[in-house]
Amino acid sequence: MAGESLTVDGVKVSYGDVQVLAGVSIDVAPGEFIALLGSSGCGKTTLLRAISGFVPVDAGRVLVADRDVTNAPPDKRGMAMVFQSYALWPHMTAAQNIGYGLRLRKVARGELNRRVEETMSLLGLDGLGDRLVTQLSGGQRQRVALGRALAVEPRTLLLDEPLSNLDARIRQTVRHEIKALQQQLQITAIHVTHDREEAMVMADRIVILDRGEIAQIGTPEDVYNRPRSSFVAAFMGADNVIPLTAKRDNGGLHVSASDDHADAVLSIADGDEGANLIGSGDGELTAHFRSEAARLIDINERPEGSLVLFGTVTQTSYPGGIYRYTIDVGDRHFLVDDLKKLGVGDAVGICLPAKSLHLYSANPTTSS
Amino acid sequence: MSNVWRGVVVPWIPRAILLGLFAFAIFGPLANLLLWSVAEVWYFPHKLPLEWGFDFWRQVFKPRGNAMLSLNNSIIIAIFTVIVSLAIAIPAGYALARRNLPWRSLILIAFLLPQAFPSVAVYINVARIFYGFGLAGTYVGVVLVHTVQGLVFAVWIATAAFSAVDRELEEAARNLGASGLRTFMTITLPLALPGIMASAIFVFLISLDEFTGTFFVGVPDVVTMPLLLFNASMEGNYQIASITSLLLLVPSVGFMLFIERFLKADVLAKVGN
């Protein structure tokens, strides 16, 4: 039961006057694991519900293996969904929940029981078949919900934040279990989540949504190392922002000095080395970086190919192993970890290697 | 045991008096009914019956007696009233709960209208109209009159029961390939069943107790328990009246127990929403 391809082509969805999806297109290969990532209200759940047929589409098409299902009712799409609330039927036992889809397909009793058993042991639910779902723990319910979807051997599996109701420890293991199952069964999976790490760990490709539009589609490495917009950079954790003025030539990017930082010549990414620059690079730029990429140096030091910010330590703490400093640069605050011990009021330089910088031309952004 | 009742400290003597008064208000009339039902001779100024016995009970349960006949009538009419009411209330309640019907609250209030007017006035006119259709003095006529009264509760409770079923539970079934009807039969209806049962019992009780409509539409051909009770009291036959009252009490108490046992607060909270 290999997966089927799925194509979302220019899908628009509105609730009343509010446009929730403003033309979204995604091509999903058979057997691919796609994560729809975004903050709440970005339209990711709506997109999943449009794919599964619970939300009517205003414009655009949904194709499953080149079959147009845009106007097909949910029960004619052959997709299986795992709901955030699990949506298990409280008047049925675990086994009845899992067997429901098979009963609809008129599978003979013996065969049905065998497949329910099989699904239950696949998910480590042996011996729980006769329990009402209300008597199961959160993790067990989650498995029953997954089993109910997998029992019908779907070609496409839709996952609507299925892990968000589990506690952190169980979530870690279930992530890997779902991913392993998906690979073992070779089914296509669309996974909605607001958890960045979850998307990174599970997905082959990540679709980042912002206000009903796709901000970026790419592999986890792509969206993490080469975010295409200021929004994606901030969303992927590069949420420290500093404005720069620069000029680009063949030698790289020449950043002019200001009160906050020294001048620098940065190499531009071509492969993995150098800064990730989107736009011309001339004039006003917004630079994003991750706290963990920053290093504290002497304020007079000027390492080659790195940008140095002038800062003052305003707060120190010791979470263990390293020191954590709040460093003010102008009116911005950055959290930087370092091994050295510093005191409040010390002047330090924050060293940002070109490789750690994501630069966006003339792209006004809300700083954090 | 704590003396706190709703946050107010009630000393035990006034509390005992209060409970005693409650008990008297509830069980006093019941005790009176019980006494009357086994009193064969009892007249003023005696505080207790002069002769005791079950003669009147025997009379009531005599096969082919008036009492048995009216009991049968009451039950048959109540059962059909329940069937007709549910046949309307289940689809109506589902539609009101699930579809975004325009005028939703107006529709809900429309079912309340028959209760808003003086029932005597309404039923005199209904009787006149039914007479024209040949429905006066028939079971069908009485069932229709009872249904109109039961429907407001049946529809309101059914709407609440369907609203309490999480939409995602239906979507999960649709998603696995169940048609709309199949989803309704296997998911929605079973989950709403306690509420539907409650509304069925409620309609049954309303029909069992109904007097005014039956009086105008049914008499003299269709006599139900309340009408028998009325006739018996008018004739001064308190024994028959008491026994009839006690019989009418049984299903009401049963209903209370059912509500207490099966109906969840979340369904009740959605009545009228």
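Please read all numbers here as calculations on a predicted model, not as lab measurements. Sequence order sets the numbering: in each chain, residues are counted from 1 along the sequence as written. Whichever chain is written first becomes A and whichever ligand is written first becomes 1, with later ones labelled in order. Local features in this predicted model are restricted to residues whose pLDDT is 70 or higher, and side-chain atom pairs enter the listing and the counts only when it is 80 or higher, whereas totals over whole chains, interfaces and linings include all residues. For side-chain calculations, the full set of non-hydrogen atoms in the structure is used, while hydrogens and water are omitted.

A. Looking closely at the overall build of chain A. A run of H or I in DSSP counts as a helix once it spans at least four residues, and a run of E counts as a strand once it spans at least two, with each numbered from the N terminus. The secondary structure content of chain A amounts to 8 helices and 21 strands. Projected onto the principal axes, the alpha-carbon positions of chain A cover approximately 80 × 45 × 35 Å. When a residue's accessible area, from a 1.4 Å probe over protein chains only, is under 20% of the maximum for its type it is buried; when over 50% it is exposed; and in between it is partly exposed. A total of 368 residues make up chain A; the buried ones form 51% of that total. Whether two residues are in contact is decided by their heavy atoms: any pair within 4.5 Å suffices. Expressed as a percentage of contacts within chain A between residues at least 6 apart in sequence, the contacts between residues at least 24 apart total 67%.

B. Main features of the domain arrangement of chain A. All names here are of chain A. Residue ranges assigned to the domains are those given by an automatic or database domain assignment. The assigned domain composition of chain A is domain 1 (6-230) and domain 2 (231-361). Computed over C-alpha atoms, the centres of domain 1 and domain 2 are 39 Å apart. Taken together, the contact between domain 1 and domain 2 spans 18 residues of the former and 16 residues of the latter. Interface area for domain 1 against domain 2, summed over the two sides, is near 1,500 Å², with a carbon-plus-sulfur share of 60%. In terms of surface lost to domain 2, no three residues of domain 1 exceed Tyr-224, Pro-227 and Ser-230, which account for 39% of the buried area on that side. A side-chain nitrogen of Lys or Arg and a carboxyl oxygen of Asp or Glu constitute a salt bridge if their distance falls within 4 Å. Between the two partners, domain 1 and domain 2, sit 0 salt bridges. Taken together, the elements giving at least two residues each to the side of domain 1 that touches domain 2 come down to helix 6 (196-202), strand 9 (205-210), strand 10 (213-218) and helix 7 (220-225). Gly falls in the polar group here, along with every residue not listed as nonpolar (Ala, Val, Leu, Ile, Met, Phe, Trp, Tyr, Cys, Pro) or charged (Asp, Glu, Lys, Arg). Grouping the constituent residues of the side of domain 1 that touches domain 2 by class yields 8 nonpolar, 6 polar and 4 charged. Here the buried area means the combined drop in accessible surface, using a 1.4 Å probe, for two parts upon being joined, counting both sides.

C. Focus on the interface of chain A and chain B. Across the boundary between the two partners, chain A contributes 25 residues, which contact 17 residues of chain B. Surface buried jointly by chain A and chain B totals about 1,800 Å² across both partners, of which 58% is contributed by carbon and sulfur atoms. The tally of links between chain A and chain B comes to 2 salt bridges. Across the pair Arg-49 of chain A and Glu-171 of chain B runs a salt bridge whose closest N-O atoms are separated by 2.6 Å. Polar contact is defined as a pair of N or O atoms within 3.5 Å, subject to the rule that within protein one atom must be able to donate a hydrogen and the other to accept it, and that residues adjacent in sequence are counted only when both atoms are side-chain atoms. Where chain A meets chain B, there are 9 residue pairs in polar contact (both at pLDDT 80 or more). Counting residues per element, the ones that place at least two in the side of chain A that touches chain B are helix 1 (44-52), strand 6 (79-82), helix 2 (94-104) and helix 4 (138-151) of chain A. Grouping the amino acids of the side of chain A that touches chain B by side-chain chemistry returns 16 nonpolar, 4 polar and 5 charged.

D. Spotlight on the packing of helix 2 of chain A against helix 3 (residues 109-122) of chain A. Residues and elements named next belong to chain A. Where helices are involved, their axes are fitted lines through C-alpha atoms of the stretch in contact, as for all axes, and angles between N-to-C directions lie from 0 to 180°. The N-to-C vectors of helix 2 and helix 3 enclose an angle of 125°; their axes lie 9 Å apart at closest approach. Considered as vectors, helix 2 and helix 3 are oriented oblique to each other. The hand of the helix 2/helix 3 crossing is right-handed. Within the contact between the two elements, helix 2 uses Ala-94, Ala-95, Ile-98, Gly-99, Leu-102 and Arg-103 and helix 3 uses Leu-112, Arg-115, Val-116, Thr-119 and Met-120. Counted by class, the contact of helix 2 with helix 3 contains 7 nonpolar, 2 polar and 2 charged residues. We call two directions roughly parallel when the angle between them is under 35 degrees, roughly antiparallel when it is over 145, roughly perpendicular when it lies between 65 and 115, and oblique otherwise. Two helices crossing with the near one rotated counterclockwise from the far one by less than a right angle form a left-handed crossing, whereas a clockwise rotation gives a right-handed crossing.

E. The arrangement of helix 3 (residues 66-98) of chain B in detail. One less than the number of residues in a helix, times 1.5 Å, gives the span that helix is expected to have. With 33 residues, helix 3 of chain B extends 47 Å between its outermost C-alpha atoms, agreeing within 8% with the 48 Å of an ideal straight helix rising 1.5 Å per residue. Across the chain, bend at a residue is computed as the angle between axes fitted to the seven residues ending at that point and the seven starting from it. Roughly 25° is the biggest bend found in helix 3 of chain B, and it falls at Ala-89 of chain B, with proline Pro-91 of chain B one to four residues downstream.

F. Inspection of the environment of Gly-53 of chain B at higher detail. All names here are of chain B. By secondary structure assignment, the location of Gly-53 is in the loop between strand 4 (51-52) and helix 2 (55-60). Gly-53 sits in the buried class, given a relative accessible area of 16%. Spatially, the C-alpha atom of Gly-53 lies 13 Å from that of Ile-240, the residues being 187 residues apart in sequence.

G. Layout of the packing of helix 2 of chain A against helix 9 (residues 180-209) of chain B. Remark: helix 2 of chain A packs on helix 9 of chain B, axes separated minimally by 13 Å, with the N-to-C direction vectors making an angle of 150°. Taken together, the axes of helix 2 of chain A and helix 9 of chain B lie roughly antiparallel to each other. Two packed elements cross with a definite hand, and for helix 2 of chain A against helix 9 of chain B that hand is right-handed. Across the interface between the two elements, Tyr-100, Arg-103 and Leu-104 of chain A of helix 2 of chain A pack against Arg-182, Thr-183, Thr-186 and Ile-187 of chain B of helix 9 of chain B. A class-by-class count of the residues in the contact of helix 2 of chain A with helix 9 of chain B yields 3 nonpolar, 2 polar and 2 charged.

H. Just the nonpolar core, in detail. Residue and element names in this part refer to chain A. To qualify as a nonpolar core, a set must consist of buried Ala, Val, Leu, Ile, Met, Phe, Trp, Tyr and Cys residues joined through side-chain atoms within 4.5 Å. Counting 87 residues, the largest nonpolar core has Leu-47, Trp-89, Tyr-100, Leu-146 and Leu-157 as the members making the most contacts within it. Sorting elements by how many residues they give to this core places helix 4 first, with 6 residues. In contact with Leu-47, other than residues within four places in its own chain, are Val-8, Leu-21, Val-24, Ile-26, Leu-36 and Leu-209. Core analysis: the next-biggest nonpolar cluster, separate from the first, contains 30 residues, Leu-296, Leu-352, Ala-354 and Leu-357 among them.

I. Structural view of the packing of aromatic side chains. Residues and elements named next belong to chain A. Geometry of aromatic contacts follows a simple scheme: Phe, Tyr and Trp rings, the Trp one being its six-membered ring, pair when their centres are within 6.5 Å, and the pair is stacked under 30 degrees between planes, edge-to-face over 60, tilted otherwise. Applying the stated rule across the entire model yields 16 aromatic pairs over all chains. Geometrically, the ring pair formed by Tyr-318 and Tyr-323 is tilted, given 4.9 Å between the ring centres and 50° between the ring planes. Criterion for a charge above a ring: Arg CZ or Lys NZ at most 6 Å from the ring centre, at most 35 degrees from the ring normal. One residue, Arg-148, lies across the ring of Trp-89, its end atom 4.3 Å from the ring centre. The aromatic ring of Tyr-224 is capped on one face by Arg-290, whose charged end is 3.5 Å from the ring centroid.

J. A look at the pairing of strand 2 (residues 18-28) of chain A. For two strands to count as paired, DSSP must find a minimum of two bridges between them. Sheet analysis places strand 1 (residues 6-15) of chain A next to strand 2 of chain A, joined by 8 bridges and oriented antiparallel. The residue of strand 2 of chain A that forms the bridge with Thr-7 of chain A is Asp-27 of chain A.

K. Summary view of the sheet that holds strand 13 (residues 264-266) of chain A. Residues and elements named next belong to chain A. Here we have 6 strands laid out as an open sheet, ordered 13-12-11-15-21-14, and mixed in their pairing. Every interior strand has two partners, whereas the edge strands, strand 13 and strand 14 (276-278), have only one. Neighbour to neighbour, the strand axes of the sheet diverge by 35° on average, direction disregarded. Bridge count for strand 15 (residues 283-289) against strand 21 (residues 358-361) is 4 bridges, and the pairing is antiparallel. Bridge pairing links Ala-287 to Leu-359 in strand 21.

L. Region of interest: the domain arrangement of chain B. All names here are of chain B. Looking at the assigned domains, one finds that chain B contains domain 1 (4-56) and domain 2 (63-269). Here the C-alpha centroids of domain 1 and domain 2 sit 32 Å apart. Counting the surface lost from both domain 1 and domain 2, the interface buries some 770 Å², and carbon and sulfur atoms represent 79% of this. The three residues of domain 1 that bury the most area against domain 2 are Leu-33, Trp-36 and Phe-56, which together make up 68% of that side's buried surface. For the interface between domain 1 and domain 2, the tally reads 0 salt bridges. At the junction of domain 1 and domain 2, the tally comes to 1 residue pair in polar contact (both at pLDDT 80 or more). Of all the secondary-structure elements, those providing two or more residues to the side of domain 1 that touches domain 2 are helix 1 (12-37) and strand 3 (39-41). Ranked by residue count, the leading element in the side of domain 1 that touches domain 2 is helix 1, at 5 residues.

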